[in-house]
Amino acid sequence: MRRFFLSYIFLAIVSLAVGVAIFVALVGRPQVAIINVAYVELDGFTADEINKTLQFVRDDNSIKAVVIKLNSPGGTVSASSNVFLNTVNIRDKKPVVVLVGDIAASGGYMWLLGANYVYANPASMVGNVGAIMNLPGSFSPSENLVPTGPFKLTGGSYRTYIGWLEAIKDEFIEAVYSQRGGRLKMPREELAGGKIYFGSEATRLGLIDGLGTEVDAISKAAQLAGIRNYTLVDVNAALKEKGVSLSFSKYDTYSPSSLKAQFPYIHYMFWDGR
């Protein structure tokens with residue numbers, strides 16, 4: 001009887017092991033996706049490219065967690081807001097961890113607000129909350145240029161533009177407070193100052209969650225997803241295999257003052273003055 005009982009236990013264990021093996025073979029091991037953003041200035045083109053990677057990880061059910069390796073000084077308001085909101089949409093389905101490389105400033109910082117957890121290294125530049133605007137040039141009516149209204153050529157007065165800029169800055173600040181919540185340890189006035197902080201100070205002030213490496217980011221993502229025995233998937237490489245080319249470094253560095261246009265450009269952008 002004892003021998004029969006032990007044999008039964010042995011067969012049960014073997015059956016369980018075989019079942020697990022079949023399940024893994026058929027369903028596959030859980031994956032942690034890695035999106036590598038070597039450097040990007042956010043605009044309509046690069047936002048579309050980034051959203052390809054975000055859609056890939058959102059729609060693949062075998063991907064249980066996401067790590068975004070981020071380097072960005074920001075960009076246009078609409079592009080920064082767009083990638084931020086799309087990252088939040090992923091966060092609603094699976095955990096997202098951001099690892100800041102050299103910089104996540106202004107619109108780049110807005111983007112990382114969509115993550116569950118944020119790491120950086122001690123020398124990473126983080127923050128620069130606020131906006132800048134390139135005002136339209138001055139135009140005067142002439143025989144060849146006849147407007148139908150006093151603001152047709154400029155879109156509004158100087159006071160109008162400053163009001164818009166302040167409203168956009170306030171929206172950014174509210175996004176920081178809504179996403180960082182009780183983790184933020186700095187007064188609103190300091191946050192609105194637009195200062196850049198290095199990783200250690202950014203951690204102390206609650207702008208990010210900690211200092212860490214890629215290994216730390218992957219481990220945290222897996223922990224938040226509650227998975228073990230996972231594999232890694234390089235999203236950039238996976239999309240390239242599908243014939244989708246990503247060009248995150250398509251544009252050279254530019255300054256807002258170089259943007260010559262009739263209408264204003266508003267940016268969540270860190271500008272180093274070059």
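Residues numbered from 1 in each chain as written. Predicted model: local features only at pLDDT ≥ 70, side-chain atom pairs only at ≥ 80, totals over all residues. Heavy atoms only, no water.

**Quick word on the pattern of salt bridges**
Argument step 1. Tallied over the full model, the rule gives eight salt bridges.
Argument step 2. Close ionic contact of E166 with K169 constitutes a salt bridge, the shortest N to O distance being 3.0 Å. One end of the pair is E166 and the other is K169, both in helix α5 (residues 158-180) and three residues apart, which spans about a single turn.
Argument step 3. Residue classification places E166 among the partly exposed positions, given a relative accessible area of 38%. (Salt bridge = Lys/Arg side-chain N within 4 Å of Asp/Glu carboxyl O. Helix = DSSP H or I, 4+ residues; strand = E, 2+ residues; numbered from the N terminus. Buried < 20%, exposed > 50% of the residue type's maximum accessible area, 1.4 Å probe, protein only.)

**A look at the packing of aromatic side chains**
Argument step 1. Enumeration over the complete set of coordinates arrives at two aromatic pairs.
Argument step 2. Judged by centre distance (5.1 Å) and plane angle (80°), the ring pair of Y161 and W164 falls under edge-to-face. Taken together, the residues Y161 and W164, both in helix α5 and three residues apart, mark about one turn of the helix.
Argument step 3. Take W164: its relative accessible area is 40%, and that puts it in the partly exposed class. (Phe/Tyr/Trp six-rings, centres within 6.5 Å; stacked < 30°, edge-to-face > 60°.)

**Looking at the packing of helix α2 (residues 44-59) against helix α3 (residues 77-91)**
A pair of packed helices is characterised by two quantities: the angle between their axes and the separation of those axes.
Argument step 1. Running from amino to carboxyl end, α2 crosses α3 at an angle of 5°, the nearest separation of the two axes being 10 Å. By the criterion of interaxial angle, the relationship of α2 to α3 is roughly parallel. Of the residues in α3, those in contact with G44, A47, I50, N51, L54, V57 and R58 of α2 are A79, N82, V83, N86, T87 and I90.
Argument step 2. Here the residues of the contact of α2 with α3 sort into seven nonpolar, five polar and one charged. (Axes fitted to C-alpha atoms, helices over the stretch in contact; angles between N-to-C directions. Parallel < 35°, antiparallel > 145°, perpendicular 65-115°, else oblique. Contact = heavy atoms within 4.5 Å. Nonpolar A, V, L, I, M, F, W, Y, C, P; charged D, E, K, R; others polar.)

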